[in-house]
Amino acid sequence: MESLQVTRLLSCKLSSNISHKACSFRPSRQLGFSSLSRRSFQNGKLTVARSDITENGGGFGGLDDSSNSNSIEEEDDDEEEEEKNGLMLGLDRDNCGSVIALHLIPPSGEVAIDSLQDEVADTKGEDEGIEEEKGGEEKIRSRVTYNIVFVTAEAAPYSKTGGLGDVCGSLPGVLAGRGHRVMVVSPRYLNGTSADKNFTGAYDVDRRIKVPCFGGEQEVAFFHEYKKGVDWVFVDHPSYHRPGNLYGDSHGAFGDNQFRFTLLCHAACEAPLVLPLGGYTYGEKCLFLVNDWHAGLVPLLLASKYRPFGIYKDARSILVIHNLAHQGVEPAASFKNLGLPSEWYGALAWVFPTWARTHALDTGEAVNILKGAIVTADRILTVSKGYAWEITTVEGGYGLNELLSSRRIVLNGIVNGIDVTEWDPSSDEHISFHYSTDDLSGKARCKTALQQELGLPIRPECPLIGFIGRLDYQKGIDLIRWAIPELMEDNVQFVMLGSGDPLYEDWMRAAEKTYRDKFRGWVGFNVPISHRITAGCDILLMPSRFEPCGLNQLYAMRYGTVPVVHATGGLRDTVENFNPYAVDGNGEGTGWTFSPLTKESMLEALRTAIMTYRDHKSTWEALMRRGMQRDFTWETAAIHYEQVFEWACIDPPYIT
């Protein structure tokens, strides 16, 4: 590698004899030199001197030491030692020999690091910017850091009802660990239960803002907790303080959810500007990750309320769709409450098809917040590649398929990760026996312990099938209900954990009485029990009608439990169908996928898995190990998110 030494002792002038065609440079901001020069060369001069490491005759652009193209001022001998300790200015060339990039390297060969944001960061490995090239040389690439603002209705462990809370509770910490400055903005829910203690670590930052919406100015406050490298910001308002869950209670969804999440979006846009977290604000140059319809007004506000006045002109918004079925649709008359200019109505305008209208005089006019986010966001993500395609189809698009198809060029899918510290069979605090790919003996002991806990006969040879999830139509509970009579004729055991539709809750209780030695139904949700079911079962069943990503199949594979899933969305992306004849008869795959979504198709896949478990033990162990070795960490997902960040920032704002 060619390199030039940079010190603060000498000055250098480039002769006009050097061709501009031979030397081309990236802007100093992109190279990360700006803050370095501000801090290190404020009172000195920048010198370009020949390094001992040379190629093509050494020097700059092929010039040797005898060239008179550079005139260099001589300095005293006592300055030679400091010159030797200067930085090396490495040159990257294209195939024609032209200089295409520079990077700073100390004489030791280590990368010079600029610690300020938006500059070059130190990295290791492929995911952190270093590539090993042929011949042992290293090509060192810059990695940009961002100010990232997650806007979400829930974030574990503070608030959670499903996968959205898991994503927004885990991904921010991983991105912060990779050098980004990360803020998560979420409501401060208080419902008068033990869950309120989740917010005890957050303090009032004494910042009040007025949000212009719903016919007046609504005052909101901010609470803040800095934990695991992330600024957790909670928007406080009386509408977030009530019994029930995050979105409703036993009577259904709260009637003022549009109001509650409109406040969240307005507050999230103001937070980077007004909150001096860690002594200074995030400022206008932010990446907003807006999650589902609850945060969908953020890209609309950026486009209509801020950019026309020169604010957030360099900010970008990325919409993350976790579940397209929920879109934030309300009557058209509610548009005036959202705090948007009247000319922006068309961005949210929505008309229900005739068959979905309530009566003959119903015009079907409404506002759709998720539609507005799709129209105005700079980039769109889903939580799996399969789901990114499905939402562009009539069957999976929920009326937005044509709009999403029109924006397919900026639509991507990234599979969620899992917390491998919480979900680790070698150290899980919720299970009695630990195991790993090197020693699977603890898996069988976990199965025995689960059978004892549930009051099932202890039968190691009997395959134990599990289901964990909501009891609703999306999860395919109706298929399980129809299939159980036939499945119970086989020599199997079945355990279900979940809550939801009272019809299915009652059915689970009845099935437990009918099949006393084979079926157990746990109505409700319990985190330790979910871990023990995941570890103790042999097979996990997931017959979801649609599944944007799915996490339970990832947990199952991590614990050596073989998934049998409907081939949809993230399930199809993450579960590789078993093929016993591949790899010279050694087999490949991590489970079974079935399609179409019918009782017969599901039972066929289950019976194949049951037969493999009973008659082919070595094949089954290979299936378990392959699943346990799959990489579904958030670190892997974070690398793909960073690529989308780069794409978003290269392009100008979609709506200016």
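Numbering of residues starts from 1 in each chain and follows the order in which that chain's sequence is written. Selection of residues for local features in this predicted model requires a pLDDT of at least 70, selection of side-chain atom pairs for listing and counting requires 80 or more, and totals for whole chains, interfaces and linings are taken over all residues. With hydrogens and water stripped out, all remaining heavy atoms of the structure feed into the side-chain values.

### Observations regarding the overall build of the protein
Operational definition: We count a stretch as a helix when DSSP gives it H or I for four or more residues in a row; a strand needs E for two or more, and each element gets its number in order from the N terminus. Residue contacts are defined here by distance: any two heavy atoms, one from each residue, within 4.5 Å place the two residues in contact. Computed by Shrake-Rupley with a 1.4 Å probe, the accessible areas treat only the displayed protein chains as cover when residues are assessed.
A count of helical and extended segments in the protein gives 20 helices and 28 strands. Long-range contacts, defined as pairs at least 24 residues apart, comprise 71% of the intrachain contacts of the protein with a sequence gap of at least 6. When the accessible area of the protein is evaluated, it comes to approximately 29900 Å², of which 50% is carbon and sulfur surface.

### Structural notes on the confidence of the model for the protein
Stated precisely, the cut-off is as follows: Residue-level confidence of the predictor is what pLDDT reports, using numbers from 0 through 100.
Across the protein, pLDDT averages 83, with 78% of residues at or above 70. Counting interchain partners and residues more than four positions distant, the pLDDT-below-50 stretch residues 94–104 has 42 contacts. Segment residues 107–140: pLDDT under 50, and 80 contacts once partners within four positions in sequence are set aside and those in other chains are kept.

### Details of the packing of aromatic side chains
Spelled out, the test is: Two rings from Phe, Tyr or Trp (for Trp, the six-membered ring) form a pair when their centres sit within 6.5 Å of each other. Planes less than 30 degrees apart are called stacked, planes more than 60 degrees apart edge-to-face, and all others tilted. For every residue, the accessible area obtained with a 1.4 Å probe (protein chains only) is divided by the maximum for its type, and the residue is called buried under 20%, exposed over 50%, and partly exposed between those limits.
Applying the stated criterion across every chain, the model contains 21 aromatic pairs. Here the aromatic rings of Tyr158 and Trp232 are separated by 5.3 Å at their centres, their planes lie at 50 degrees, and the arrangement is tilted. Here Trp232 lies in strand E13 (residues 230–236) and Tyr158 lies in the loop between strand E9 (147–151) and helix H4 (163–177), a separation of 74 residues in the sequence. Like Tyr158, the residue Trp232 is buried in the burial classification. Between Tyr189 and Tyr240 the ring centres are 6.0 Å apart and the planes differ by 75 degrees, which places this aromatic pair in the edge-to-face class.

### Examining helix H19 (residues 617–628)
Threshold: One less than the residue count of a helix, multiplied by 1.5 Å, gives the span that helix is expected to have. Think of it as the arc spanned by the lines of direction from the helix axis to the C-beta atoms.
Taking 1.5 Å per residue as the helical rise, H19 with its 12 residues ought to reach 16 Å, and the 17 Å between its terminal C-alpha atoms agrees with that figure. Turning to H19, its buried residues are Trp620, Leu623, Met624, Gly627 and Met628. For H19, the angular spread of buried residues about the axis comes to 130 degrees, placing them on one side.

### A closer look at the pattern of salt bridges
Our working rule: Each salt bridge in this description consists of a side-chain nitrogen of Lys or Arg and a carboxyl oxygen of Asp or Glu lying within 4 Å of one another.
Following the criterion strictly, the structure yields 22 salt bridges and no others. Put simply, Arg178 and Glu635 hold a salt bridge, and the shortest N to O gap is 3.4 Å. Here Glu635 lies in helix H20 (residues 634–650) and Arg178 lies in the loop between H4 and strand E10 (181–187), a separation of 457 residues in the sequence. The class of Arg178 is buried, set by a relative accessible area of 4%. Asp490 is paired through a salt bridge with Arg614; the nearest N and O atoms lie 3.2 Å apart. Placement of the pair is Asp490 in the loop between helix H12 (477–487) and strand E24 (493–498) and Arg614 in helix H18 (residues 599–615), with a sequence separation of 124 residues. Connected via shared salt-bridge partners are Arg178, Glu635 and Glu642.

### Quick word on the sheet that holds strand E23 (residues 464–468)
Worth spelling out the cut-off: Pairing between strands is defined by DSSP: at least two bridges between them are needed. Axis lines are fitted to C-alpha atoms, over the contacting stretch for helices. Their N-to-C directions set the angle, which ranges from 0 to 180 degrees.
With parallel pairing, six strands are arranged side by side in an open sheet as E25-E24-E23-E26-E27-E28. Each end of this open sheet is capped by a strand with a single partner; those strands are strand E25 (519–523) and strand E28 (592–594). Direction aside, neighbouring strands of the sheet carry axes that sit 15 degrees apart on average. Against the sheet, helix H13 (residues 502–514) engages E24 and E25, with an angle of about 145 degrees to E25. Contacting strand E26 (539–542), strand E27 (562–566) and E28, H19 crosses the sheet at an angle of about 75 degrees to E27.

### Let's talk about the sheet that holds strand E12 (residues 216–227)
A sheet is described by the order of its strands in space; here nine strands give the open sequence E11-E12-E13-E10-E9-E16-E17-E21-E22, paired in mixed fashion. Two strands in the sheet have a free side with no partner beyond their single neighbour: strand E11 (203–213) and strand E22 (411–413). Here the strands of the sheet are splayed against their neighbours by 25 degrees on average, with no regard to which way each runs. The sheet contact formed by E12 and E13 spans seven bridges and is antiparallel. The partner of Glu225 across the bridge, within E13, is Trp232. The strands that helix H6 (residues 297–306) touches are E9, E11, strand E16 (287–291) and strand E17 (316–321); relative to E16, the one it contacts most, it runs at about 135 degrees.

### As for H4
It helps to recall that an α-helix has 3.6 residues per turn; residues three or four apart then point in one direction. The first and last C-alpha atoms of H4 sit 22 Å apart over 15 residues, in line with the 21 Å expected at 1.5 Å per residue. In terms of residue burial, H4 counts as a mostly covered element, since 11 of its 15 residues are buried. Within the sequence span of H4, burial applies to Leu164, Gly165, Asp166, Val167, Cys168, Ser170, Leu171, Pro172, Val174, Leu175 and Ala176. Buried residues along H4 sit against E9, E10, E13, E16, helix H15 (552–558) and H20. Among the residues trailing H4, Gly179 stands out with phi positive, at a value near 105 degrees.

### Considerations on the packing of H12 against H13
Heads up, the rule is: For this classification, under 35 degrees means roughly parallel, over 145 means roughly antiparallel, 65 to 115 means roughly perpendicular, and everything else is oblique. Definitions for this section: a left-handed crossing has its near helix turned counterclockwise from the far helix by less than a right angle. A right-handed crossing has that turn clockwise. Any residue outside Ala, Val, Leu, Ile, Met, Phe, Trp, Tyr, Cys, Pro, Asp, Glu, Lys and Arg is labelled polar, Gly included; the first ten of those are nonpolar and the last four are charged.
It is the contact of H12 with H13, at a shortest axis distance of 11 Å, that shows an interaxial angle of 30 degrees. The orientation of H12 relative to H13 falls into the category roughly parallel. Both H12 and H13 take part in a crossing whose hand is left-handed. Across from Ile477, Asp478, Ile480, Arg481 and Ile484 in H12, the residues of H13 making contact are Leu503, Tyr504 and Trp507. Grouping the constituent residues of the contact of H12 with H13 by class yields six nonpolar, no polar and two charged.

### Remarks on the environment of Thr392
We apply this condition: Throughout this description, a polar contact denotes any pair of N or O atoms lying within 3.5 Å of each other; where both atoms belong to protein, one of them has to be capable of donating a hydrogen while the other can accept it, and for residues adjacent in sequence the pair is counted only when both atoms sit in side chains.
Tracing the backbone through its elements, the reader meets Thr392 in the loop between helix H9 (385–390) and helix H10 (401–406). Given a relative accessible area of 11%, Thr392 falls into the buried group. A C-alpha to C-alpha distance of 5.7 Å links Thr392 and Leu404, two positions 12 residues apart in sequence. Among the polar contacts listed, one links the side chain of Thr392 to the backbone oxygen of Trp389, at a separation of 2.6 Å.

### A word on the side chain of His531
Here His531 shows up in helix H14 (residues 527–536). At 2.6 Å, the side chain of His531 forms a polar contact with the side chain of Asp428. Those residues within four positions of His531 in sequence are excluded, and the remaining contacts are Glu422, Trp423, Asp428, His430, Ile431 and Tyr559.

### Some remarks on the nonpolar core
For clarity, the cut-off: Here, the term nonpolar core denotes a set of buried Ala, Val, Leu, Ile, Met, Phe, Trp, Tyr and Cys residues that are joined through side-chain atoms within 4.5 Å.
If you look at the biggest cluster of nonpolar residues, it comprises 103 residues, and the most contacted ones within it are Phe288 and Leu348. With near-sequence residues (within four places) excluded, Leu348 lies in contact with Leu297, Leu300, Phe335, Leu338, Leu340, Ala366, Val367, Asn368, Ile369, Lys371 and Gly372.

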